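Listed below, chain by chain, are the residues.
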Amino acid sequence: LPAPAGEAYRIAPWEYGNRAARAAELRDVDELERVTDEGVAAYGEHVTMLYGRACVAAQRGRREEALQYLDRAAHDEDFGDWVRENAPNEPLLEPIRDDPAFLR
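Residues numbered from 1 in each chain as written. Predicted model: local features only at pLDDT ≥ 70, side-chain atom pairs only at ≥ 80, totals over all residues. Heavy atoms only, no water.

A. View of helix 2 (residues 29-43). Spanning 15 residues, helix 2 covers 21 Å between terminal C-alpha atoms, matching the ideal 21 Å at 1.5 Å per step. Residues of helix 2 that are buried sit in contact with helix 1 (13-25) and helix 3 (47-59). (Helix = DSSP H or I, 4+ residues; strand = E, 2+ residues; numbered from the N terminus. Expected span 1.5 Å × (residues − 1). Contact = heavy atoms within 4.5 Å.)

The following block contains the structure:
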């Protein structure tokens, strides 16, 4: 939808989630990092942004950071089940999947 007259268009929260999902699907870690940074700056740490940041950190070799983001996302009251269902098959999380802290 266009912005009200005289106001700039603001990207909706779901658009960040869609962009993050597409970047992850394409394994474009740089784009995923840009999208999650923008999404968090605009709307805070929604579970999809935490999940995306976990993927980025895992790919960048930042295991502890990745596990912390994933843990926060997995314990989200509304979307934690989605995270726990999808994370075991997420290719971008492969570098941390062997860690005992993965989805505990």
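That covers the picture; the talk isn't over yet.
B. Structural detail: the packing of helix 3 against helix 4 (residues 63-74). The N-to-C vectors of helix 3 and helix 4 enclose an angle of 160°; their axes lie 8 Å apart at closest approach. The angle between helix 3 and helix 4 falls in the class roughly antiparallel. For helix 3 against helix 4, the interelement crossing comes out left-handed. Residues Val47, Leu50, Tyr51, Arg53, Ala54, Ala57 and Ala58 of helix 3 touch helix 4, and the partners they reach there are Glu65, Ala66, Tyr69, Leu70, Arg72 and Ala73. Of the residues contributing to the contact of helix 3 with helix 4, the split by class is 10 nonpolar, no polar and 3 charged. (Axes fitted to C-alpha atoms, helices over the stretch in contact; angles between N-to-C directions. Parallel < 35°, antiparallel > 145°, perpendicular 65-115°, else oblique. Left-handed = near helix turned anticlockwise from the far one by under 90°. Nonpolar A, V, L, I, M, F, W, Y, C, P; charged D, E, K, R; others polar.)

Take it as geometry only, folks, not as evidence of what the structure does.
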